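In case you want the letters, here they are:
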Amino acid sequence: MAAKQTTAEKLADLRKRLEEAQDPGSERSRTRRDEAGRTTPRQRINELLDEGSFVETGSLGKTPGDPEAIYSDGVVTGYGRVSGRPVCIYAHDKTVYGGSVGVTFGKKVTEIMDMAIKIGCPVIGIQDSGGARIQDAVTSLAMYSEIARRQLPLSGRSPQISIMMGKSAGGAVYAPVTTDFVIAVDEEAEMYVTGPNVIREVTGEDVTSAELGGARQQELNGNVSAVVDSEEDAFDMVRDILDHLPLTCFDESPTFPAPSDAEITEDEDLNSFMPDDTNAGYDMMDLLTQLGDDDELIEIQENFAPNMITAFGRIDGKTVGFVANNPMHLAGCIDADAADKGARFIRICDAYNVPLVFVVDTPGYLPGVEQEKVGLIHRGAKFAFAVVEATVPKVSLIVRKAYGGAYAVMGSKNLSGDINLAWPTAQIAVMGAAAAVVMIAGKQLEAAETPEQREMTKKMFMDFYDETMTAPYVAAERGYLDAMIQPNQSRIALRQALRQLATKSAHDLPKKHNIAPM
């Protein structure tokens, strides 16, 4: 019969177990990690959270019934603070079962997600996983499902952020892309449903892991919110995003110091910002940085559908979501990818009560056979659907072109926009002059006897159309604009509009839920 342990021996045993649990992977796995220069999951968590705030849960968890089981079961879980506010967090440990999901792994993650649901706080997942634990068979799949099931009650209630630190496959990518934001570290993160070896065996296609699922490729695929250069940059971006969002949809977003109205001088440079040539390109980001409190914007999906800019900023010290066309790409046309990008960002802003500011310069939806093939009709409708569905304050500033359906969906008053402003350089019409001349003056062009006469007729019609049909005063006269403003008044005008709308209350008709376009 074993001798009964003393209290001192029990304490010593606890310390030994806790020490083992701090970095429980095999010596070989830890050496491989260290030689690659990668950090441990606890180092990653402590780097992200406020110093000394991390409280670990489940550090002594193991796979039940396995005498060789390793502490932590491949994931570190707990809670702490970011900028003084509570968060729940978990980080995969690649040195333990490859960071794959087993039964204890799943229970630890679901416990921390349940805590976030109860108390109302963001959930951050640091992903570095081989996916399902094959030897655990259906148990691993069940745990993935348990994790996914908890993402729904959190979705739109508290922010969920995934940081992709290494290779993630199968279920390990489905869970992250269901969260609000996915941040990937360049040349470290790889994401795919099926890895290159399985693809090669099943389909015969030969592709490298980086080509298939590298961070930059997945950004172009629309699966990543941002690609950053390092772990430190990823943590900085997480902190920045959280600084712009509330703990839950029932809370206020953080408010930051901002200049007073008296301190905002009219920026004369804005009066000369817009090129005289209505077809000249310019970078819309150069304008957006001049409309808010400062030039610190957090752009989401920067390199996916760059013709549509989606970014968080601040006006009057409070978070806003900018949705803007960028004439530097596709002349600012809205294509299918841009519609998807804009719709999702709008839904994120609406969920967390972040006002929307549309800055408009678009000649319309992008025409073309390929766009029809990829479903521009229903994907474009999805963008319009998101605009109407959003009940947050919606302010639109038309700075140049606003044609056709693209005018309507970019926060127009008729499609539920609250306040519409326009610069005198705005052009608002069913279509641009180049398209209108074909529709309206086609017979006159066909009747022209020489190419020179045809071009002269075309130019005369287009000049007349631009002067009389696209002038913003036509819309202003009919009450579709709330105000025509000088460009240098934009910052004050946006502040005043958002202050007026701060107490806006809008509710949909009673029903279970909307049905989004196909």
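If you're wondering where the values come from, they're calculated on a predicted model, not measured in any experiment.

Chemist: So what exactly am I meant to see when it comes to the layout of surface pockets here?
Modeler: Vacant regions in the atomic arrangement are exposed by a probe of water-molecule size rolled over the atoms. Considered as a void within the structure, the largest pocket measures approximately 1600 Å³ in volume. Around the largest pocket, the lining is made up of 48 residues, and of these Arg344, Arg347, Ile348, Ala351 and Glu389 lie nearest the centre. For the lining of the largest pocket, the secondary-structure elements that each account for two or more residues are helix H5 (138-154), strand E7 (181-185), helix H13 (336-351) and helix H15 (376-389). Counted by class, the lining of the largest pocket contains 19 nonpolar, 15 polar and 14 charged residues. By volume, the second largest pocket amounts to about 620 Å³. Considering the residues around the second largest pocket, the lining is formed by 28 residues, among which Glu252, Asn353, Pro355, Pro393 and Ala502 are closest to the centre. Elements represented by at least two residues in the lining of the second largest pocket include exactly strand E12 (318-325) and helix H21 (490-500). In terms of residue class, the lining of the second largest pocket is built from 14 nonpolar, seven polar and seven charged.

Chemist: Would you explain unusual backbone geometry in this entry?
Modeler: Note: most residues except glycine have negative phi, and most peptide bonds are trans. Here the phi dihedral of Asp316 falls at roughly 60 degrees; this positive angle occurs in a residue that is not glycine. Relative to the helices and strands, Asp316 resides in the loop between strand E11 (308-315) and E12. Take Asp316: its relative accessible area is 24%, and that puts it in the partly exposed class.

Chemist: How do you make sense of the side chain of Thr40 when you look at a structure like this?
Modeler: Mapped onto the secondary structure, Thr40 falls in the loop between helix H2 (27-35) and helix H3 (41-48). The class for Thr40 is buried, based on a relative accessible area of 12%. The residues touching Thr40, leaving out its near neighbours within four places in the chain, are Asp23 and Arg33.

Chemist: How do you make sense of the state of the cysteines when you look at a structure like this?
Modeler: Linking two cysteines covalently through their sulfur atoms gives a disulfide. Summed over the entire model, instances satisfying the criterion amount to zero disulfides. With no disulfide partner, Cys88 has as its closest neighbouring cysteine sulfur the one in Cys121, 3.7 Å distant.

Chemist: I tried to follow the sheet that holds strand E4 (residues 123-127) on my own but got confused; where do I start?
Modeler: Adjacent strands of a sheet pair through backbone hydrogen bonds, lying either parallel or antiparallel. Strands sit in the order E1-E2-E3-E4-E5-E7-E9 across an open sheet of seven strands; the sheet is mixed. Strands with a single pairing partner mark the edges of an open sheet, and in this sheet they are strand E1 (55-57) and strand E9 (226-228). Between one strand axis and the next, the sheet turns by 20 degrees as a mean value, whatever way the strands run. Sheet analysis places E4 next to strand E5 (residues 160-164), joined by five bridges and oriented parallel. What sits directly across from Gln127, in E5, is Met164. Its contacts with the sheet place H3 against E1, strand E2 (75-82), strand E3 (85-92), E4 and E5, and it is angled at close to 160 degrees to E3.

Chemist: What's the story with empty space enclosed by the protein in this structure? I'm lost.
Modeler: Counting across every chain of the model gives three cavities of 30 Å³ or more. Lining the largest cavity are Tyr90, His92, Val101, Phe105, Val109, Gln127, Tyr144, Ile147, Gly171, Ala172, Ala175 and Pro176. Elements represented by at least two residues in the lining of the largest cavity include exactly E3, helix H4 (103-119), H5 and helix H6 (171-177). Sort the elements by how many residues they give to the lining of the largest cavity and H6 lands first, with four residues.

Reading the values: the criteria
- Residues numbered from 1 in each chain as written.
- Predicted model: local features only at pLDDT ≥ 70, side-chain atom pairs only at ≥ 80, totals over all residues.
- Heavy atoms only, no water.
- 1 Å grid on protein atoms, 1.4 Å probe; cavity = no way out; pocket = protein on both sides within 12 Å on 5 of 7 lines; lining within 4 Å.
- Points joined across faces, edges and corners; volume = space filled by probe spheres on them.
- Helix = DSSP H or I, 4+ residues; strand = E, 2+ residues; numbered from the N terminus.
- Nonpolar A, V, L, I, M, F, W, Y, C, P; charged D, E, K, R; others polar.
- Buried < 20%, exposed > 50% of the residue type's maximum accessible area, 1.4 Å probe, protein only.
- Contact = heavy atoms within 4.5 Å.
- Disulfide = S-S within 2.5 Å.
- Pairing = 2+ DSSP bridges.
- Axes fitted to C-alpha atoms, helices over the stretch in contact; angles between N-to-C directions.

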